[in-house]
Structures are given as C-alpha cells and as structure tokens.
Amino acid sequence: MNQATLHDVARLLLRIALGLLVLLHGVAKLRGGMGGIERMVEGAGLPGVLAYGVLVGEVLAPLMVIVGFHARLGGALVAVNMLFAIALAHLGQLDRLNATGGWALELQGMFLATAVAIALLGPGRYGINQN
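A quick note: this is a predicted structure, and the numbers were derived from the prediction, not measured.

Enquirer: Which residues make up helix α5 (residues 106-121), and what are the values?
Expert: Here α5 contains 16 residues, and its C-alpha end-to-end distance of 22 Å stays within 8% of the 22 Å for a straight helix at 1.5 Å per residue. For α5, the complete set of buried residues consists of Q108, G109, F111, L112, T114, A115 and I118. On its buried face, α5 sits against α1 (3-32), α3 (53-67) and α4 (71-90). In the segment just after α5, G122 is the residue with positive phi, at about 80°.

Next up, the structure:
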C-alpha cells in the first residue's frame, strides 16, 4: 500500500472507532430518556432544551463521522459535546485518577482528542465526501 492509502485507511479506522463508540452513548440516551440530562443542564443554570443537543453530538455527529459525510463538522460537534459532558458531568474528576491509576476522564479525553483529530484531518478518501 502506498502512503496516501495508508493515511486514508488510518482516517477510516479513526472515524469508525470514534463514531461507533460515541454513537453507543447516544443510543443509550435515546433508550433511557433525556430526563437526567435535562436536570443536569438545568442544574447548571442553562435551559433544559439544551440537553437535546446531546443527540446531535452523540447520534447525528457520530453517524456523519462514520460515513464520512462532512466528517470535519461531525468531529467538531463530537468535540463540543465532549467539552459540555466534561463541564457538566465530569468536572469534579478532572484532577483525579481511577482505581487502577489511570486518569478518571481517560475515555472522555480520548473521545475529545480523537474528535479534534478528525475535525483537523477530514475523512480521507473512504468517506462520502471530502469535507
């Protein structure tokens, strides 16, 4: 395989990994309801309707990333979603380690970094469009 093909395959793997893993969080929210997230958003002094933005960040954006349709925008939306998740649900864990010595927010940090990478790199050749 030539270098360009390897880069495009790597982008595809990155897109699939991030997209599927974040999408599972979104599907869980669709199945479990949005009440808890609405209460969390309202508890932070924001309008409860903003809670439904999680469906953009955890359902629509991951689908965009997976298929490579405006993947840069999808990656940016996932990144913004993760910043909100960290600020609203995980801020108290920002400086903590888990029981095995890893960062308490390693999953959220990996989702955020991967989403930013996709926003910067784009989808590569194996996407619906090059955006």
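Enquirer: An account of the layout of surface pockets is requested, with residue identities and associated values reported.
Expert: What the largest pocket holds in volume is close to 530 Å³. V54, E58, N81, F84 and A85 are the residues nearest the centre of the largest pocket, which is lined by 26 residues in total. Counting residues per element, the ones that place at least two in the lining of the largest pocket are α1, α2 (35-43), α3, α4 and α5. Residues that form the lining of the largest pocket fall into these classes: 18 nonpolar, six polar and two charged.

Enquirer: I'd like a rundown of the packing of α3 against α4, residues and numbers included.
Expert: Direction vectors running N to C along α3 and α4 enclose 145°, while the axes themselves pass 8 Å from each other. Like other packed secondary-structure pairs, α3 and α4 cross with a definite hand, here left-handed. Contact with α3, carried on its side by G53, V54, V56, G57, E58, A61, P62, M64 and V65, involves A71, L73, G74, G75, L77, V78 and N81 of α4 and no other residues of that element. Classifying every residue of the contact of α3 with α4 gives 10 nonpolar, five polar and one charged.

Enquirer: With reference to specific residues and values, describe the pattern of salt bridges.
Expert: With the rule as written, the count across this model stands at three salt bridges. Residue D8 is joined to R11 by a salt bridge in which the shortest nitrogen-to-oxygen separation is 3.8 Å. A residue pair is termed a helical-turn pair when its members lie 3 or 4 positions apart in one helix, as D8 and R11 do in helix α1 at three residues. Under the relative-accessibility criterion, R11 is labelled partly exposed at 24%. One network of salt bridges, in which partners are shared, links D8, R11 and R125.

Enquirer: Talk me through the nonpolar core; I want residue IDs and the actual numbers.
Expert: Core analysis: the biggest nonpolar cluster contains 14 residues, and L18 and V78 have the highest contact counts within it. Within the residue set of this core, elements represented by two or more residues are α1, α3, α4 and α5. If one sorts the elements of this core by residue count, α4 sits on top with five residues. L18 has contacts with V78, F111, T114, A115 and I118, leaving out every residue within four places of it along the chain. Residues I37, V41, A51 and V54 belong to the second largest nonpolar core, which totals five residues.

What counts, and at which threshold
- Residues numbered from 1 in each chain as written.
- Predicted model: local features only at pLDDT ≥ 70, side-chain atom pairs only at ≥ 80, totals over all residues.
- Heavy atoms only, no water.
- Helix = DSSP H or I, 4+ residues; strand = E, 2+ residues; numbered from the N terminus.
- Expected span 1.5 Å × (residues − 1).
- Buried < 20%, exposed > 50% of the residue type's maximum accessible area, 1.4 Å probe, protein only.
- Contact = heavy atoms within 4.5 Å.
- 1 Å grid on protein atoms, 1.4 Å probe; cavity = no way out; pocket = protein on both sides within 12 Å on 5 of 7 lines; lining within 4 Å.
- Points joined across faces, edges and corners; volume = space filled by probe spheres on them.
- Nonpolar A, V, L, I, M, F, W, Y, C, P; charged D, E, K, R; others polar.
- Axes fitted to C-alpha atoms, helices over the stretch in contact; angles between N-to-C directions.
- Left-handed = near helix turned anticlockwise from the far one by under 90°.
- Salt bridge = Lys/Arg side-chain N within 4 Å of Asp/Glu carboxyl O.
- Core = buried A, V, L, I, M, F, W, Y, C linked by side-chain atoms within 4.5 Å.

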